[in-house]
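Each chain, letter by letter, is given below.
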Amino acid sequence: MVKILMVVTNQSEIKTGKATGIWLSEFAEAYQAFSKQGYEVVVASPLGGEAPVDPVSVDANTPKEIWDSQKHLSNTVSLDEVSESQFDAIFLPGGHGTMFDLPNNEKLQQLLRHFYESNKIVAAVCHGPAGLVGASLSNGEPLVAGKRVNAFTNLEEEQTGLRPDLPFLLESKIRELGAIYVAAPNWTSHVEIDGNLITGQNPKSTIAVAEAVIKKIGR
């Protein structure tokens, strides 16, 4: 059976009084796409346990199947309990929380390196690529260097109004690491595929990224 490791954030605040977490549709749409293929999905986070949902990512119009996906976030596995050998792909959904606890997580960096160097799929969407910025290959090069990468754009970030409270701008950081950053117009679905590295720009890109992962797995 194909097994997918989904890694989500534990970060619940951008600053005191300003909540953040996972962008729920990015998690839910990917989880559902993988489950419909019959894949086994394991949800992990840096600390394990309950993973927070960004309250801005849900409202009265959120579909029931998106709301219902929160049950899979109530008791996540700690990253320290998983290894690359158990899985076929790793997928990082976004939400601003990822900007705080994923970039410097050593276990995640190790997992990403092992996945990539084992020719397994590494995928991320929106702010999920924040988890890639700290990852390097065995030769010391940044994992994203020289590769076509997509993620939440600086222009999109400006429109959120959260830029002053973030540790860095994701597009700028990815460019600094030597990636070939490819952007589409704001808030449009866009996915970049560079070998086994698959990245998407924003929440509207989640389904396209998940479909690219499924196509790459091929079963």
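So, here's what we can say about the structure.

Conventions used here
- Residues numbered from 1 in each chain as written.
- Predicted model: local features only at pLDDT ≥ 70, side-chain atom pairs only at ≥ 80, totals over all residues.
- Heavy atoms only, no water.
- Helix = DSSP H or I, 4+ residues; strand = E, 2+ residues; numbered from the N terminus.
- Buried < 20%, exposed > 50% of the residue type's maximum accessible area, 1.4 Å probe, protein only.
- Areas by Shrake-Rupley, 256 points an atom, 1.4 Å probe, with all protein chains shown as cover.
- Lys, Arg positive; Asp, Glu negative; His and termini not counted.
- Charge placed at Lys NZ, Arg CZ, Asp CG, Glu CD.
- Pairing = 2+ DSSP bridges.
- Contact = heavy atoms within 4.5 Å.
- Axes fitted to C-alpha atoms, helices over the stretch in contact; angles between N-to-C directions.
- Expected span 1.5 Å × (residues − 1).
- Core = buried A, V, L, I, M, F, W, Y, C linked by side-chain atoms within 4.5 Å.

## Quick notes on the overall build of the protein chain
Next, step 1: Summing up its helical and strand segments, the protein chain has seven helices and eleven strands in all.
Next, step 2: By its C-alpha atoms, the protein chain is 40 × 35 × 30 Å across when sized along the principal axes.
Next, step 3: Counting the 219 residues in the protein chain, one finds 58% classified as buried.
Next, step 4: On the protein chain, roughly 9200 Å² of surface is accessible, and the fraction owed to carbon and sulfur atoms is 47%.
Next, step 5: The centroid of the 18 positive side-chain charges in the protein chain is displaced by 5 Å from the centroid of its 26 negative side-chain charges.

## Some remarks on the sheet that holds strand β11 (residues 197-200)
Next, step 1: In spatial order, the strands read β5-β4-β1-β6-β7-β11-β10; together these seven strands make up an open sheet with mixed pairing. Since the sheet does not close on itself, it has two edges, and those belong to β5 (77-78) and β10 (191-194), each with one partner.
Next, step 2: Of the strand pairs in this sheet, strand β1 (residues 3-7) and strand β4 (residues 40-45) are connected by five bridges, and their pairing is parallel. Looking across to β4, one finds that L5 is bridged to V42.
Next, step 3: Its contacts with the sheet put helix α7 (residues 206-217) on β1, β6 (89-92), β7 (121-125), β10 and β11, and the angle it makes with β7 is roughly 170 degrees.

## Considerations on α7
Next, step 1: With twelve residues, α7 ought to run about 16 Å at 1.5 Å a step, and its terminal C-alpha atoms sit 17 Å apart, in line with that.
Next, step 2: Restricting attention to buried positions, one finds in α7 the residues T206, V209, A210, A212, V213, I214 and I217.
Next, step 3: Those residues of α7 that are buried lie in contact with β1, α1 (24-36), β6, β7, β10 and β11.
Next, step 4: G218 occupies a position one or two residues after α7 and carries a positive phi of about 80 degrees.

## Notes on the nonpolar core
Next, step 1: Counting residues in each nonpolar core, the largest one holds 35 residues, and the members touching the most others are L5, I90 and L112.
Next, step 2: Taken together, the elements giving at least two residues each to this core come down to β1, β4, β6, α4 (106-117), β7 and α6 (170-176).
Next, step 3: At five residues, α4 tops the list of elements feeding residues into this core.
Next, step 4: When neighbours within four sequence positions are excluded, I90 is seen to be in contact with L5, V7, L108, L112, F115, I121, V122 and A123.

## Here's the deal with the environment of N186
Next, step 1: Relative to the helices and strands, N186 resides in the loop between β9 (180-181) and β10.
Next, step 2: By relative accessible area, which is 26% here, N186 ends up partly exposed.
Next, step 3: In this structure, the C-alpha to C-alpha distance between N186 and E50, residues 136 residues apart in sequence, is 32 Å.
Next, step 4: Residues in contact with N186, not counting those within four places in the same chain, are T153, L155, E156, Q159 and Q201.

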